[in-house]
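Chain by chain, the residues:
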Amino acid sequence: MSVLLLVILHMLASLEHFMLSSGRGTGESRVQTLSMAVTGDETAATGDMPAYQIRTPTTTLPQGVVMAASPGTLHSPQQLAEEATRKRELRLMKNREAARECRRKKKEYVKCLENRVAVLENQNKTLIEELKALKDLYCHKAE
């Protein structure tokens, strides 16, 4: 578990470094957040519990900037509505195309069945005629 914590702390430090280096870390207001930093020894005197120290970072963010899980997820309600509308239109368009393709395949399948019926009807007619001819031949031989 302490390895996971170290990875998370490293990611936070990298994010803080990115914010400072990209110019997003300077501004009028300071954001106070609590973060945990591992002390020099990963375990306290008890031996099994990690020891943590709470500190306030000195990172500053521009006025009105709120840190979220992912910077790309910050959208206004209008943008969210537009995104939902766009996704719905895309889904409907794909659904219409899939329905069109399904109808085309069904027509093709029905045509194949109609052709097969026609072939089997012709074959049946031929076999009936052949049977009739054989019966006539057999009846004439019997007489």
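Predicted model only: the values in this text are computed from it and were never measured.

Student: What am I meant to see in the overall build of the protein chain here?
Tutor: Each helix and strand counted, the protein chain has two helices and four strands in total. Shown N-terminal to C-terminal, the secondary structure of the protein chain runs as helices and strands in the order α-β-β-β-β-α. Across the 143 residues in the protein chain, those meeting the buried criterion constitute 8%. Contacts in the protein chain between residues far apart in sequence, at least 24 positions, make up 54% of those at least 6 positions apart. Total accessible area on the protein chain is roughly 12600 Å²; 61% of this is exposed by carbon and sulfur atoms.

Student: Looking at this structure, how should I read a nonpolar patch on the surface?
Tutor: There is a patch of nonpolar side chains on the surface, built from Tyr-109, Val-110 and Leu-113 and spanning about 270 Å² of accessible area. Tracing the backbone through its elements, the reader meets Tyr-109 in helix α2 (residues 77-142). Taking relative accessible area as the criterion, Tyr-109 reaches 54% and is therefore assigned exposed.

Student: I would appreciate a short explanation of the pattern of salt bridges in the present structure.
Tutor: Pairs can form between side chains of opposite charge whenever their charged atoms are close. Across all of its chains, the model carries five salt bridges by this definition. Note that Glu-89 is salt-bridged to Arg-88, the shortest N-O span being 3.9 Å. You can call Glu-89 partly exposed: its relative accessible area is 41%. Because the salt bridges share partners, they merge into one network encompassing Glu-101, Arg-104 and Glu-108.

About the cut-offs
Numbering of residues starts from 1 in every chain and runs along the sequence as written. Owing to the predicted nature of the model, reporting of local features is limited to residues with pLDDT of at least 70; listing and counting of side-chain atom pairs is limited to 80 or more, with chain, interface and lining totals taken over all residues. Only hydrogens and water are set aside; all other atoms, that is, all heavy atoms of the structure, feed into the side-chain values. Counting from the N terminus, the helices are the DSSP runs of H or I reaching at least four residues and the strands are the DSSP runs of E reaching at least two. With a 1.4 Å probe rolled over the protein chains alone, any residue whose accessible area is under 20% of its type maximum counts as buried; one over 50% counts as exposed, and the rest are partly exposed. In what follows, a contact means two residues having at least one pair of non-hydrogen atoms within 4.5 Å. Each accessible area value is a Shrake-Rupley result obtained with a 1.4 Å probe; residue values ignore everything except the protein chains displayed when judging cover. Each patch is built from residues that are more than 30% exposed by relative accessible area and take part in no salt bridge. Like charges join if they lie within 9 Å; nonpolar side chains (Val, Leu, Ile, Met, Phe, Trp, Tyr) join within 5 Å. Salt bridges, as used here, are contacts in which a Lys or Arg side-chain nitrogen is within 4 Å of a carboxyl oxygen on Asp or Glu.

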